[in-house]
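# Descriptive analysis of the structure
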Amino acid sequence: MRITCPHCGSRGLEEFTYRGDATVRRPAPDAPHDAWVDYVYLRDNPAGLHKELWYHGNGCRSWIVAERNTITHEIHSTRLATEALSEEKSGS
Amino acid sequence: MPDRLLATSALPQEAYRVNGMMLSLAPQRVTVSIGPFAGRLGELNAALKKAFKVTLPEDFITVAGPDGLLFTRAAHNQWLCSAPEGTDLLATLSTACQSLAALTNQSDSRVTLTLSGKGAESIVAKLVALDLHPSVFVPGQTALTLAGHVPVILTRHTDATAYDFTVFRSLAQSLHHDIFAAMNGGIPTSERVCP
Amino acid sequence: MNTPSKLSPPKRTRANGVDTSKALTFTFDGRAYTAYEGDTLASALLANNVRLTGRSFKYHRPRGILSAGPEEPNALMELRTGARREPNSRATVTEVFHGLSAASQNRWPSLAFDALGVNGLLSPVFTAGFYYKTFMWPACFWEKVYEPMIRNAAGLGRAAKEADPDHYEQANAFCDVLVVGSGPAGLAAALSAAETGARVILCEQDYLTGGRLRAENITLDNKPAWQWGEEVTARLRAMPNVRLMTRSCVFGRYDGGTFGVIERVADHLPQPEENQPRQRYWRIVAKQCVVATGAIERPVVFPNNDRPGVMLAGSVRTYINRYGVAPGRKAVIYTNNDDGLRTVTDLYQAGADIVAIVDARPVPSPLAQSLAQQTGAFLFPGGRISNTLGRLGVAAAVIGNKAGKDQRFACDLIAVSGGWNPDLALTTHHGTRPVYNEQIAAFVPSIKAHDLHIAGMVAGTLTTRDTLHEGAEAGRKAAAACGFDSAGTTELPSAGVDETYAIHPTWSGIDQTAPQKAGKAFIDFQNDVTAKDVKQAAQEGFRSVEHLKRYTTLGMATDQGKTSNVNALAMLAEFTDRTIPETGTTLIRPPAQPVTLGAIAGPNREKHFKPTRLPPTHQWATEQNAVFTSNGLWQRAQWYPRAGETHWLETVNREVNTVRNAVGFCDVTTLGKIDIQGPDAASFLEKLYVNAWQKLAVGRARYGLMLREDGFAFDDGTTARLSPTHYVMTTTTANAGPAMQHLEFCHQVLWPELDVQFISVTDEWAQIAVAGPNSREVIRQLIDPAFDISNEAFGYMAAAEITICGGQQARLFRLSFSGELAYELAVPARFGDALARRLMEVGAPYGIAPYGTEALGVMRIEKGHPAGPELNGQTTAHDLGMGRMLSSKKEFIGKAMAARPALTDPRRPTLVGLRPVVATDALVAGSHLLPKGSPASAEYDQGWISSSAWSPTCNSWIALGFLSEGPSRHGEIIAVHNPLSGTVTEAEIVSPVFVDPEGKRLHA
Amino acid sequence: MSSKHYSLFSLLRETLRGNTGWKPAWRKASPQSSYDVVIVGGGGHGLATAYYLAKRYGMRRIAVVEKGWIGGGNVGRNTTIVRSNYLLPGNVPFYECAMKLWEGLEQDINYNAMVSQRGILNLFHNDAQRNAYIRRGNSMRLHGVDADILDAAAVREKLPFLNFDNARFPIQGGLLQQRGGTVRHDAVAWGYARAADQLGVDIIENCEVTGIRIENGRTTGVETSRGFIGAGKVGLACAGNSSRVAAMAGLRLPIESHVLQAFVSEGLKPFIDCVVTFGAGHFYVSQSDKGGLVFGGDIDGYNSYAQRGNLPVVEDVISGGMALMPRIGRVRLLRHWGGLMDMSMDGSPIIDKTPVEQLYLNAGWCYGGFKATPASGLCFAHLLARDEPHEVATAFRLDRFGRGAVIDEKGMGAQPNLH
């Protein structure tokens, strides 16, 4: 598998570390207990398109949001986490 | 007053030659990392432009300033600035970019190994999973990547046949071994070695 | 090596791939033979009339060479000897070199007489699924009797006993178009793609390009086809945008256009030249790929179809045309298609008698008729071979005519063709199942991928002309997909004759009404799976192809069913009254051909399995005769033995005593160090650590604990404030990388609004701990006079940027892991070595000595500081006795989850100290803690020992452990159970701080 | 006369009559309109559950529905290792229960799954690892499980060909569980299927569950590609597909699906007589009764339903093998493949009721499902039959994440790809 780092371009899997589901959002500090349990433990785990976080630790140290198909392993898009998140914030 | 401490090199100074290629330790330079604070990149570039007539490169390349200064992009939001040994780089940069960026001395963090000679590209290709074709990894370009298991900053010299591997000091001996082993293994027969 | 043969070299005719001027000598089972350069072991053995080459796995039946390629199931050998012994090597792809020694395998005492051939007599018992029904009585016999018996018979060749002496390389290559296979389709594809200017890599697993162009007696542009192949190869070699890799097998297609390739660099040499790798493992990343891997011929299943001398018809032609070897003198050809009939002509021209042509097709073939006339062979239209005879090889074929009447013909070769199967491997590695094509009675690729093009025989295209055109088209399309458009079209040669295929499948080929009378009809030669096994499996309900494969072991041998899978599933379809598409087929898993483990591992072996990180004082420590230990990738000095010390414990005790009583020093560079700067640096630290940071004064350091988001402890260390916006954080050695990743995550994903910058300075600073009552005096010898390090000016947990030795920039921290008055002194890494030497000099009057990680560990246990064994990812702040550090006034990572009931349960095992009732009774880390007097049973288990040491300071064994409700139980005597060693030791539960609990020493 | 029971007698009789009397190992059942219990998933766990439900809990009217062919998931794709060398009290009794069931399996189900207790040896390479293994070994001993600590010399005596003299991370010793070993994986599925079938269980292949019918918060059956099947209780045993199936009932699980690769070499004359795990890299190996080295390592580490992995892990695993056994340099890899792992958030399984009434979950097996098969079946059957957890599976609750009572053997936290 190769992942296109928005900064560095196409790189091999070995340069990256996986974190998982990029759609979960850290609850507010005073959020109810269940919201925290959901955030830390529950996952959609879809078969198909999956937004996920990767860390380009052996490269530019960016956190990246990749949209990848978990059945075909095809990567549809990659974005910097900072950009994807700031867009989400300004969009909401 | 006690004697000054003497510096020790992470690797022996002598160059290794095999199969027409050479692996050597690049001259030590002074290096400072520049990490622009939030939203200050524009001001920082303006300040650098004023002081050194350069701005931080957006691409992963190295640009040259006056007095042997080099600026290399080295992380998502970090650049390495280096200068010849003896420069008080931290002070120079502090003056220029006060409060616009985090400045951290990195002079001792890394050492640079230079691999040069005909066929060097095929040796680099044994260690680095990057497309090294000169149209893709162009002379002067830099990449943050892995050489085998070792993280490096790889730079292709502008004369195209030499490469710099900039590596964390503690890993320098390991990387040196790996490059030397790759050199000894020879140039694959399918490799086109440009004259 | 054996002495060269005195025999005259075998005669060759018209070989297009062998240099008959270069004779070589090799041995097989100790006997010397002659070969020529360009021979495979198989072609050379055939030229020397060696037919018996191996024994099958289960029944130990005599077997000969079946094929001329990597699909070979029978002719497997051990090559070379000693540490270079290579088991299960296929003679059909082994290039002969002078001095090659090959040996048959899986036979005893000899190949011609194999005692385990007796297994064949037991074959009525050894049927499909036999194992699962038996060996159960009595139960205890499995391990004692049955399994040892089975294992004794298991496997084929023997792995070398010694470490592989050769070395291997890894390499990476990138291209626009990767072409796999250099037959007519592959060459045309490479040429048409290269002519557009695209970067092309052409991989050929063989040592010569050309594929079937070399195997067939055909012409292109009125010249032998192989000459066209050589011309194109030469053109490709000359093109700067082409990389031509021979002896390079593309073994797998992985994600993102990545292909795994093994290049056999030196396997054709007696041994690699000095420093030359034996093999090189390539990762090739291609934007587009043309698969032109050709096809593999199917055998025909009939009774005793496994005797040496039964060969694939196409392979017979390969031996004749490429190697100039006629594999037999009296031949029977058995085919169900026109392609197989080519063999008649080629064999005839090579001087063999064509005894009979058995054309299994129901409709008589005019081509077969004319060939029979030409060669004087008996023709059996609609016939079949109903048996073969012979002891260690074919001596006769029993041929049944259309009416079912059998006739016997003496022969030494039966060339069989059941049709051709596209070599699908690379097209199914991503999980796409192939589809059945009635026209050619074979499975063809169904994959539709934007980056994959399939051309030639692998696509089911079986004439030379069409494969050339298809190849050229695929190459052009692939290049176009990379943005290279060609102006013209690639010039292709004109094929000599119109080839026909006209297959009519004959799957079972055996007489269903009277099965097995004549003998076993083999489908999978290597694993001895017969038609009857397939039938029985179907009868027992193993009707899925996957079940069939697993139940009978069909297709699981070293050849992975390349010649057997399609025959088997077609037969399964027959037996279960289904069509072939209904029955389906299995996926082919990578590797497409077996690949050498050493090559995949590459240079990462032995001492270089993983990189080594060396701290700045490594060279100096080596000179001090330090004993080193691995701490992650770091090499650290474990202790520094001195002359006269006879045991490591003696050394460590001396080092501890030195620190406790005088002064010692230790390189602690390996701890992770992160430089953190920015207006929000303090706020950032507040999020990371459980405790408060805003109010830490400049010039001070503080201990901090980090949790994971799930509330368990993650890492700890001290962080010092160098300026209002500048901190330097330390992490544990083990977590330096993960901590950096964590910080980046928190900054980029969770709190991007925080204005903070950070960078690792682990390698930047050589950091040395100087500890002991005399440490201040030693530091004073180094530090420049401008700096005051008196206890008043530079108290415990102070931090400062200073200069030493006359202006050398440095950092000084008053930190103590040992509990003594202690400092950590940091200098730029290049001065680390000199600093160690200087410390030895200036510290000598104060009794200085270096100490290693072992003494460091003893002293931290004496002080009750948690380290790796305590911060094992399963413990909470509460467990570590740091529950009260959790700030209630701010948010931090892990806060919410740390409050869960199970994490704060007071019954959780919590950090305690333990001291044996008898000081010299060892406390062993990993022992469990049970109430005194309770039986050694898990229900009484209350905790465990995480760390222990002999404390020279306490003159006793001491330990840290976790004990349920531990802090409230100080003074209680508990039983320390170590059932692994059968010991129970009594120990007192005490505070985890054994030395100087008031902290007087570190504040001194 | 047909040959249903396997015995020396039936074997002899079939040998004499050309093996023509063997009957299908299990019937090709078609779905009935309803069952008392429908198990979703015809893998090892589902089949074992059905068997124990019928055998030990006396349930009748049981169906196992499988979308493909039985045993096609992880029970047929693993590296065949069985062991009970666990550390944490939530796990040890459960895996030991499985171990004991393995030990009597052949006689119980009249099928030879070749349970081979050749021992499993976990190597350690530094003091911290040694101490952790001592803690684990002692935990095993306290639970009545066999465990022994070997020093480097004892390991050398047992496996002299390991790399002792030139290793980056020298071997210091190992934790041995002699009762651990290997089992012929496919045979486990077939054996349970055959035994369950003989007790009247319907094994329905090529029957994909497409929905879970819920009325008033209560499960009433499953929609399948072969029509609706009513069920008093529905048990999910879908391993890597757990999240997909649970989602049909509106549930989100603390599970991610990941790919784990496995590897086999060409057949070799046996030289590795036990299961060995490398402690300084990601590699474990055993040698099968056919002679192949069966080995594996870490999961690939990203969510996947593809049943195949990538080269970095291939390289990582094989270099681990070479580091441990430099003699295998010239041995060849024959095949590698991938399976879907239902990686739970703490690395331990879930056998529990779900918030939907009459819907039960057996999932989260990570890469350890095979060794658990008999106990998983037994405990799931117990739960389905009695509506309360089996005594050795009381910790495997779905609410443990909320409570914090996680069972985290590796101490990696809520990061499934690190377990």
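Heads up: the structure comes first, above all this text.
As the structure is a computational prediction, the values presented were derived from the model and not from experiment. (Residues numbered from 1 in each chain as written. Chains lettered and ligands numbered in written order. Predicted model: local features only at pLDDT ≥ 70, side-chain atom pairs only at ≥ 80, totals over all residues. Heavy atoms only, no water.)

### Quick word on the overall build of chain A
Put simply, the rule is: The helix and strand labels rest on DSSP assignments: H or I over at least four residues marks a helix, E over at least two residues marks a strand, and numbering proceeds from the N terminus. By definition in these notes, contact holds between two residues if any of their heavy atoms fall within 4.5 Å. Here the Shrake-Rupley method, with its probe set to 1.4 Å, supplies the accessible areas, and only the displayed protein chains count as covering residues. Only four residue types enter the charge count: Lys and Arg as positive, Asp and Glu as negative, with His and the chain ends excluded. Each charge is placed at NZ for Lys, CZ for Arg, CG for Asp and CD for Glu.
Tallying secondary structure elements over chain A gives two helices and six strands in all. Restricting the contact set of chain A to residue pairs at least 6 apart, pairs at least 24 apart contribute 43%. Per element, the accessible surface of chain A, about 3,800 Å² overall, is 49% carbon and sulfur. A gap of 6 Å separates the mean positions of the 11 positive and 13 negative side-chain charges of chain A.

### Focus: the packing of aromatic side chains
Our working rule: Here the aromatic set is Phe, Tyr and Trp, taking the six-membered ring for Trp, and pairing holds for ring centres within 6.5 Å; pairs whose planes are under 30 degrees apart are stacked, those over 60 apart are edge-to-face, and all others are tilted. For every residue, the accessible area obtained with a 1.4 Å probe (protein chains only) is divided by the maximum for its type, and the residue is called buried under 20%, exposed over 50%, and partly exposed between those limits. When the NZ atom of lysine or the CZ atom of arginine is within 6 Å of a ring's centre and also within 35 degrees of its normal, the charge is said to sit over that ring.
A full pass over the atoms with the stated rule returns 55 aromatic pairs over all chains. For the ring pair Y55(A) and W63(A), a centre distance of 5.0 Å and an interplane angle of 25 degrees mean the geometry is stacked. We note that Y55(A), like W63(A), is buried. Here the aromatic rings of W63(A) and F745(C) are separated by 5.0 Å at their centres, their planes lie at 70 degrees, and the arrangement is edge-to-face. You can see W63(A) sitting in strand β5 (residues 63–69) and its partner F745(C) sitting in helix α20 (residues 736–750), one on each of two chains. By relative accessible area, F745(C) is classed as buried at 5%. Among the aromatic residues, those joined into a ring-pair cluster are Y132(C), F542(C), Y551(C), Y6(D), W22(D), W26(D), Y111(D) and W190(D). Just above the ring of Y207(C) sits the side chain of R322(C); from NZ or CZ to the centre is 5.0 Å. The side chain of R213(D) reaches across the aromatic face of F228(D), ending 3.6 Å from its centre.

### Description of the nonpolar core
We count it as follows: Only buried residues count toward a nonpolar core, which is a set of Ala, Val, Leu, Ile, Met, Phe, Trp, Tyr and Cys residues joined through side-chain atoms within 4.5 Å.
Ranked by size, the top nonpolar core spans 142 residues in total, and within it V332(C), I414(C) and F94(D) carry the most contacts. Ranked by the residues each element gives to this core, the list is headed by helix α10 (residues 369–386) of chain D, at nine residues. Beyond its immediate sequence surroundings of up to four residues, F94(D) is in contact with I351(D), W365(D), A372(D), A375(D), S376(D), C379(D), V392(D), A393(D) and F396(D). Within the second largest apolar cluster, 74 residues are counted, among which are F684(C), M706(C), V40(D) and L251(D).

### Digging into the pattern of salt bridges
What counts, and what does not: Criterion for a salt bridge: a side-chain nitrogen of Lys or Arg within 4 Å of a carboxyl oxygen of Asp or Glu.
Enumeration according to the criterion identifies 100 salt bridges over all chains in this entry. Across the pair E744(C) and R61(A) runs a salt bridge whose closest N-O atoms are separated by 2.7 Å. One end of the pair, E744(C), is in helix α20; the other, R61(A), is in the loop between β4 (49–55) and β5, on a second chain. As far as burial versus exposure is concerned, E744(C) and R61(A) are alike and both buried. Measuring nitrogen to oxygen at the nearest pair gives 2.7 Å for the salt bridge that ties R860(C) to E870(C). In this pair, R860(C) sits in helix α23 (residues 853–863) while E870(C) sits in the loop between α23 and α24 (895–898), placing the two residues 10 residues apart along the sequence. Side by side, R860(C) and E870(C) carry an identical accessibility label, which is buried. Sharing partners across several salt bridges, the network here consists of R80(C), R84(C), E86(C), D164(C), D166(C), D267(C), R278(C) and R330(D).

### Digging into the sheet that holds strand β39 (residues 757–760) of chain C
Within a beta sheet, neighbouring strands are joined by backbone hydrogen bonds and run either parallel or antiparallel to one another. Residues and elements named next belong to chain C. This is how it is decided: Each pair of strands is called paired provided DSSP finds at least two bridges between the two strands. Simply put, an axis is a line fit to the C-alpha atoms, just over the touching stretch for a helix, and the angle between two N-to-C directions goes from 0 to 180 degrees.
The strand order across the open sheet formed by five strands is β36-β37-β38-β35-β39, and the pairing between neighbours is antiparallel. Each of the sheet's edge strands pairs with one partner strand only, and the pair in question is β36 (700–707) and β39. Ignoring which end each strand starts from, the neighbouring axes of this sheet average 25 degrees apart. On top of the sheet, helix α19 (residues 681–688) reaches β35 (672–677), β36, β37 (713–723), β38 (726–731) and β39; it is set at about 25 degrees to β38, its chief contact.

### Focus: unusual backbone geometry
Following W108(C), the chain continues into P109(C) via a peptide bond in cis, with omega recorded as 0 degrees. Among the secondary structure elements, P109(C) is positioned in the loop between β7 (101–104) and α2 (130–133). Residue P590(C) is joined to P591(C) through a cis peptide bond whose omega torsion reads 0 degrees. Structurally, P591(C) can be placed in the loop between α15 (580–583) and β31 (595–596). Even without being glycine, R61(A) reaches a positive phi, approximately 70 degrees. Look at Q307(D): it is not a glycine, yet its phi comes out positive at around 55 degrees. The residue Q307(D) is located in the loop between β15 (292–303) and α9 (311–324) in this model.

### Details of the interface of chain C and chain B
Quick note on the threshold: Buried surface area refers to the total accessible area, computed with a probe of radius 1.4 Å, that the two partners give up upon joining, counted for both partners together. What qualifies as a polar contact is a pair of N or O atoms within 3.5 Å, subject to a donor-acceptor requirement within protein and to the restriction that residues adjacent in sequence count only when both atoms come from side chains. Ten residues, namely Ala, Val, Leu, Ile, Met, Phe, Trp, Tyr, Cys and Pro, are considered nonpolar, four, namely Asp, Glu, Lys and Arg, are considered charged, and the remaining ones, Gly among them, are considered polar.
Across the boundary between the two partners, chain C contributes 61 residues, which contact 54 residues of chain B. Here chain C packs against chain B, burying approximately 4,600 Å² in sum over the two surfaces, 48% of which is carbon and sulfur. In this structure, R199(C) engages D131(B) in a salt bridge whose closest nitrogen and oxygen atoms are separated by 2.9 Å. Run the count over chain C and chain B and you get 33 residue pairs in polar contact (both at pLDDT 80 or more). Considering each element in turn, the side of chain C that touches chain B owes the most residues, five residues, to strand β8 (residues 168–180) of chain C. Each residue belonging to the side of chain C that touches chain B can be placed in one class, and the counts come to 29 nonpolar, 16 polar and 16 charged.

### Concerning the interface of chain D and chain C
Taken together, the contact between chain D and chain C spans 110 residues of the former and 120 residues of the latter. The junction of chain D with chain C conceals about 9,500 Å² of combined surface from both sides, 55% of it contributed by carbon and sulfur atoms. Where chain D meets chain C, there are nine salt bridges. Put simply, D186(D) and R550(C) hold a salt bridge, and the shortest N to O gap is 2.7 Å. In this structure, the connection of chain D to chain C is made through 66 residue pairs in polar contact (both at pLDDT 80 or more). By residue number, the principal contributor to the side of chain D that touches chain C is helix α5 (residues 127–142) of chain D, which donates 10 residues. Two strands pair when backbone bridges link them, and β31(C) and strand β16 (residues 332–344) of chain D are joined in this way by two bridges, in the antiparallel orientation. Each bridged residue has a counterpart across the sheet, and for V595(C) the counterpart in β16(D) is L333(D).

### Remarks on helix α6 (residues 225–238) of chain C
All names here are of chain C. Quick note on the threshold: Multiplying 1.5 Å by the helix residue count minus one yields the expected span of that helix. Each C-beta atom gives one direction from the helix axis, and the arc is the one those directions make.
For α6, with 14 residues, the first-to-last C-alpha span of 20 Å sits near the 20 Å given by 1.5 Å per residue. Listed in full, the buried residues belonging to α6 are A225, W228, G229, V232, T233 and L236. Mapping the buried residues of α6 onto a view down its axis gives an arc of 140 degrees, with all of them on the same face.

### Here we look at a nonpolar patch on the surface
Residues and elements named next belong to chain C. For clarity, the cut-off: Patches draw on residues past 30% relative accessible area with no salt bridge. Two like charges within 9 Å are joined, as are two nonpolar side chains (Val, Leu, Ile, Met, Phe, Trp, Tyr) within 5 Å.
On the surface, L116, V118 and L121 cluster together into a nonpolar patch covering about 280 Å² of accessible area. Along the polypeptide, L116 turns up in the loop between β7 and α2. In this structure L116 comes out as partly exposed when scored by relative accessible area, which is 35%.

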